[in-house]
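Descriptive structure summary
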Amino acid sequence: TLPSFTMADLSDAEKKFLAFDFSKSSEWQSYLGSLYPTPPHDKILKWKKKWYQKNVDKDFPLDSSAGEPARDKPSSAGPSGASYTQSSPNRSTAGRSSSGGVHRPMSNAESISVTAQLVAIVCAIIYLIPMLGVARRAYTFSLGAFGIGFFADVVSKCGMPKFSTEYLQRAVQEDVFFMIIYCMFFLTSPPFVVLLVPPAMTAFMAIVEFSEVRAGPMKQIVVQKMPSMAASFDQVTTFARNMGRQRYQIMGWRADCEVGIGFLLILLAFGRRMSPLTVFIYWSTMRLRYMMSAFTQASFRKLDTSITRLLAAPMVPSAVMTIYQKIRSYCYSFVDEDQLRQQQAGGG
């Protein structure tokens, strides 16, 4: 996402701030982890600037607009300090022509995506209602419809799938790509309502974004064919607009849920209600999720902070904290880029 200013408009201190990699700064990560409660996602940039001025460059102006997203395309620094952006065009701009304000016709992929996600949410609701003989089918159909909707969403942004590295790199950067794998993975698993939460939240955000972008054309249709519904439609669009402002908070909740599901699967495996292979594959996927999503990193950081505070209590033996720190270091070695490079160099 390009900011609303050019690099030529920035001072040297501001350019250095933009070039600074917060995700690789252990000092910043430690500082952010010490903040309690964790600042909301839309306030992280403010804390980054304060920390940067105090610890890196005292000449950096706190009132600088460096790093702030353009107003017409919301993007934000991720909660871990790593930038969280979407590589594909945002629907708020992709749905308009260059002449300004004129919406292009909705593509078939977009129609399929929105329809499938709405159907999936309805099926998820049906699964929650005790109805004889349909609960299991509603669960399976819901995950299948979610997967189809997310796949169509990727197609609408990246085009039809191609067997090329460039296409795969673009597709993987889409937020819904992980959800496609997620839905395929749990399609045949034992039904648990919590497994429907992450795809449902993803679909909800996609539908809210779609309704924001298409509000103009849809309102014209409502006014022409159902004028009595115009006031209700305005209330719906206002609700969608308010939910759109909470996008990053919802993504943080979803990341918390994904991490929680991982630990739930471990418990289910011990209870022989889930295959150990399923647990292994899920956590292997979460490893990639962690490396690509700042929200997942923030969720693990919050979990680590809570566990550390708990184990730091006087009644807990110090040996328990030592064991936990060793386990944490071992797990972190699977996602630390520097350690992975060293392992690859050593293996080569």
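Residues numbered from 1 in each chain as written. Predicted model: local features only at pLDDT ≥ 70, side-chain atom pairs only at ≥ 80, totals over all residues. Heavy atoms only, no water.

Section: the overall build of the protein chain
Within the protein chain one finds 16 helices and 2 strands. Counting over 348 residues, the protein chain shows a buried share of 39%. Summing over all exposed atoms, the protein chain offers an accessible surface of approximately 20,200 Å²; the carbon and sulfur share of this is 63%. (Helix = DSSP H or I, 4+ residues; strand = E, 2+ residues; numbered from the N terminus. Buried < 20%, exposed > 50% of the residue type's maximum accessible area, 1.4 Å probe, protein only. Areas by Shrake-Rupley, 256 points an atom, 1.4 Å probe, with all protein chains shown as cover.)

Focus on the packing of aromatic side chains
Under the counting rule described, the total for this entry stands at 22 aromatic pairs. With a centroid separation of 4.8 Å and an interplanar angle of 75 degrees, the aromatic rings of Phe 20 and Phe 22 are classed as edge-to-face. Arranged with centres 6.2 Å apart and planes meeting at 55 degrees, the rings of Trp 283 and Phe 300 form a pair that is tilted. Pair noted here: Trp 283 is in helix 13 (residues 276-292) and Phe 300 is in helix 14 (residues 294-311), with a separation of 17 residues, a long-range link. Among the aromatic residues, ring-to-ring pairing joins Phe 178, Tyr 182, Phe 185, Phe 186, Phe 263, Tyr 282, Trp 283, Tyr 290 and Phe 300 into one connected group. It is Lys 50 that lies over the ring of Trp 47; its NZ or CZ is 5.5 Å from the centre. (Phe/Tyr/Trp six-rings, centres within 6.5 Å; stacked < 30°, edge-to-face > 60°. Lys NZ or Arg CZ within 6 Å of the ring centre and 35° of its normal.)

Concerning the pattern of salt bridges
Taken as a whole and judged by the stated rule, the model has 7 salt bridges. Here Glu 174 makes a salt bridge to Lys 157, at a shortest N to O gap of 3.5 Å. Taken together, the residues span a long stretch of sequence, with Glu 174 in the loop between helix 7 (165-172) and helix 8 (177-186) and Lys 157 in helix 6 (residues 135-158) at a distance of 17 residues. Since its relative accessible area comes to 18%, Lys 157 is described here as buried. (Salt bridge = Lys/Arg side-chain N within 4 Å of Asp/Glu carboxyl O.)

Brief notes about helix 14
The end-to-end C-alpha distance of helix 14 is 26 Å, a good match for the 26 Å that 18 residues give at a rise of 1.5 Å each. Within helix 14, the full set of buried residues consists of Ala 294, Phe 295, Thr 296, Gln 297, Ala 298, Ser 299, Arg 301, Asp 304, Thr 305 and Leu 311. Where helix 14 begins, one side-chain oxygen reaches toward the backbone nitrogen of Phe 295, 3.3 Å away; that side chain belongs to Ser 293. (Expected span 1.5 Å × (residues − 1). Polar contact = N/O pair within 3.5 Å; in protein donor to acceptor, adjacent residues only side chain to side chain.)

Quick word on the confidence of the model for the protein chain
Model confidence for the protein chain is summarised by a mean pLDDT of 76, while 70% of its residues fall at 70 or above. Low pLDDT, under 50, characterises residues 70-78; the stretch is placed with 29 contacts to residues that sit more than four places away or in other chains. Here residues 80-102 is a poorly scored stretch, pLDDT under 50, and it has 64 contacts once near neighbours within four places are set aside; other chains count. (pLDDT = per-residue confidence, 0-100. Contact = heavy atoms within 4.5 Å.)

Examining the packing of helix 12 (residues 247-270) against helix 14
Packing of helix 12 against helix 14 leaves a shortest axis separation of 8 Å and a crossing angle of 60 degrees. Taken together, the axes of helix 12 and helix 14 are oblique relative to one another. Here the hand of the crossing between helix 12 and helix 14 comes out right-handed. Each of Tyr 248, Met 251, Gly 252, Ala 255, Asp 256, Glu 258, Val 259 and Phe 263 in helix 12 lies in contact with helix 14, whose residues at this interface are Phe 295, Thr 296, Ser 299, Phe 300, Lys 302 and Leu 303. Grouping the amino acids of the contact of helix 12 with helix 14 by side-chain chemistry returns 8 nonpolar, 3 polar and 3 charged. (Axes fitted to C-alpha atoms, helices over the stretch in contact; angles between N-to-C directions. Parallel < 35°, antiparallel > 145°, perpendicular 65-115°, else oblique. Left-handed = near helix turned anticlockwise from the far one by under 90°. Nonpolar A, V, L, I, M, F, W, Y, C, P; charged D, E, K, R; others polar.)

Regarding the environment of Ala 109
For Ala 109, the position within the fold is in helix 5 (residues 108-128). Owing to a relative accessible area of 15%, Ala 109 belongs among the buried residues under this scheme. Along the sequence, Ala 109 and Gly 149 sit 40 residues apart, while their C-alpha atoms lie 8.7 Å from each other. Sequence-distant contacts of Ala 109, defined by excluding residues within four places in its chain, comprise Ala 152, Val 155 and Ser 156.

Some remarks on the packing of helix 1 (residues 12-19) against helix 3 (residues 44-55)
Two quantities define a packed helix pair, namely the angle between the helix axes and the distance between the axes. It is the contact of helix 1 with helix 3, at a shortest axis distance of 12 Å, that shows an interaxial angle of 115 degrees. The crossing of helix 1 and helix 3 is right-handed. Contact with helix 1, carried on its side by Ala 13, Lys 16 and Phe 17, involves Leu 45, Lys 48, Lys 49 and Tyr 52 of helix 3 and no other residues of that element. Partitioned by chemical class, the residues of the contact of helix 1 with helix 3 number 4 nonpolar, no polar and 3 charged.

A closer look at unusual backbone geometry
Phi at Arg 272 is positive, roughly 60 degrees, even though this residue is not glycine. Relative to the assigned elements, Arg 272 resides in the loop between helix 12 and helix 13.

Looking at the nonpolar core
Of all hydrophobic cores here, the largest spans 33 residues; its most connected members are Phe 150, Tyr 182, Phe 186, Ile 261 and Leu 265. Judged by nonpolar contacts, the second largest core, of 11 residues, contains Ala 13, Phe 17, Ile 44 and Phe 60. (Core = buried A, V, L, I, M, F, W, Y, C linked by side-chain atoms within 4.5 Å.)

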